Amino acid sequence: MAALALAAVVVSLLVVAALLMGGADAVWIDLPPTGTKCVSEEIQPNVVVLADYALMYESHPAAHPTVAVKVTSPYGNTVHHNENATMGQFAFTTSEAGNYLACFWLDSLEKGSGTSLNLDWKIGIATKDWDSVAKKEKIEGVELELKKLEAAVESIHHNLLYLKTREAEMRAVSEKTNARVAWFSILSLGVCIVVSVLQLWHLQGFFRKKKLI
């Protein structure tokens, strides 16, 4: 019974950790002979990003083009740039919050009809090498899964704090916008009243000149 209970705990931890650590995305990108394909990811500050990319030649065995890669931050700063590559990797720690953009295009003369590129994009705790952590700290089994779960919960906590900060910023912007709209409405109403009074004064003067009143 104790062994079954322990096994159930381990399975539960594995399932929860797998659900919480969903920070890795592997995508296939079809690159045309001309033009650029981009992928983006919204990431908060101080997050580790690790990505591997490689051209796939199975569908075009006769052509062996190369690819150019450029990764930019939300403010347009280049965090990675590579040319004439068939495979590569980029890794960095984010310093700005927002959408990080990775763009790929074929830059060789031998482009054929295009090719496919595999991009394995990892963020946050998904970039950790848990095998190395286990060997370094000499932990395994349930203890290792608890370590993963702790890292996942910590990551979610940071995400919640980040979302709370963003929500507060958006609320401040909304309140500021509402205040500006209110003042604009008051100003518009004042202008309408002034124009109405001037029109009435002008009409009274016109009628007096015509001796209608």
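Let us look at the structure shown here. (Residues numbered from 1 in each chain as written. Predicted model: local features only at pLDDT ≥ 70, side-chain atom pairs only at ≥ 80, totals over all residues. Heavy atoms only, no water.)

### A short note on the overall build of the chain
To keep it simple, the criterion reads: Put simply, DSSP marks the helices as runs of H or I at least four residues long and the strands as runs of E at least two long, and each gets a number from the N terminus on. Only protein chains enter the accessibility calculation, which uses a 1.4 Å probe; a residue whose area is less than 20% of its type maximum is buried, one above 50% is exposed, and one in between is partly exposed. Residues count as neighbours in contact if any of their non-hydrogen atoms are within 4.5 Å of one another. In this description, accessible areas are obtained by the Shrake-Rupley approach with a 1.4 Å probe, and a residue is regarded as covered only by the protein chains that are shown.
Within the chain, the secondary structure is distributed over three helices and eight strands. By residue count, 28% of the 213 residues in the chain fall in the buried class. For the chain, restricting intrachain contacts to residue pairs at least 6 apart in sequence, the fraction spanning at least 24 positions comes to 77%. Counting every atom, the chain has about 14400 Å² of accessible surface; 62% of that belongs to carbon and sulfur.

### Side note on the pairing of strand E4 (residues 67-72)
Here is the rule we go by: A pair of strands is labelled paired if DSSP reports no fewer than 2 bridges between them.
Burial analysis of E4 places five of its six residues in the buried class, which makes it a mostly covered element. Strand direction decides the pairing type here: E4 and strand E5 (residues 78-85), joined by five bridges, are antiparallel. The residue of E5 that forms the bridge with Val-67 is Ala-85. Linking E4 back to E5 in an antiparallel pair, the connection comprises five residues, with Gly-76 at a positive phi of about 90°.

### Some points on the nonpolar core
As a reminder of what qualifies: Among buried residues, those of type Ala, Val, Leu, Ile, Met, Phe, Trp, Tyr and Cys that are joined through side-chain atoms within 4.5 Å constitute a nonpolar core.
Core analysis: the largest hydrophobic core is formed by 23 residues, its most contacted members being Leu-31, Val-67, Phe-90, Phe-104, Leu-117, Leu-119 and Trp-121. Counting residues per element, the ones that place at least two in this core are strand E1 (24-31), strand E3 (48-56), E4, strand E6 (87-93), strand E7 (98-106) and strand E8 (115-123). Listed in part, the seven residues of the second largest apolar core include Ile-125, Trp-130, Ile-139 and Leu-144.

### Brief notes about the pattern of salt bridges
Cut-off, in case you're wondering: In the sections that follow, a salt bridge refers to a side-chain nitrogen of Lys or Arg positioned within 4 Å of a carboxyl oxygen of Asp or Glu.
The tally for this structure, following the rule as stated, stands at two salt bridges. Among the salt bridges present, the one from Arg-166 reaches Glu-42, with a minimum N-O distance of 3.3 Å. Placement of Arg-166 in helix H3 (residues 142-209) and of Glu-42 in strand E2 (residues 37-43) is noted, with a sequence separation of 124 residues between them. Residue Arg-171 is joined to Glu-167 by a salt bridge in which the shortest nitrogen-to-oxygen separation is 2.6 Å. One end of the pair is Arg-171 and the other is Glu-167, both in helix H3 and four residues apart, which spans about a single turn. Judged by its relative accessible area of 41%, Arg-171 falls in the partly exposed class.

### Describing the side chain of Thr-66
Rules: For the purposes of these results, a polar contact is taken to be a pair of N or O atoms within 3.5 Å, where, inside protein, one atom must be able to donate a hydrogen and its partner to accept one; residues adjacent in sequence count only when each atom of the pair is a side-chain atom.
Checked against the element boundaries, Thr-66 lands in the loop between E3 and E4. Judged by its relative accessible area of 15%, Thr-66 falls in the buried class. Within the structure, Thr-66 has its side chain in polar contact with the side chain of Asp-107 (distance 2.8 Å).

### Examining the side chain of Thr-115
Here Thr-115 is to be found in strand E8. Here Thr-115 falls in the buried class, since its relative accessible area comes to 3%. Here Met-56 takes part through its backbone oxygen, which lies 2.8 Å from a polar atom of the side chain of Thr-115.

Keep in mind these values describe shape, not function.
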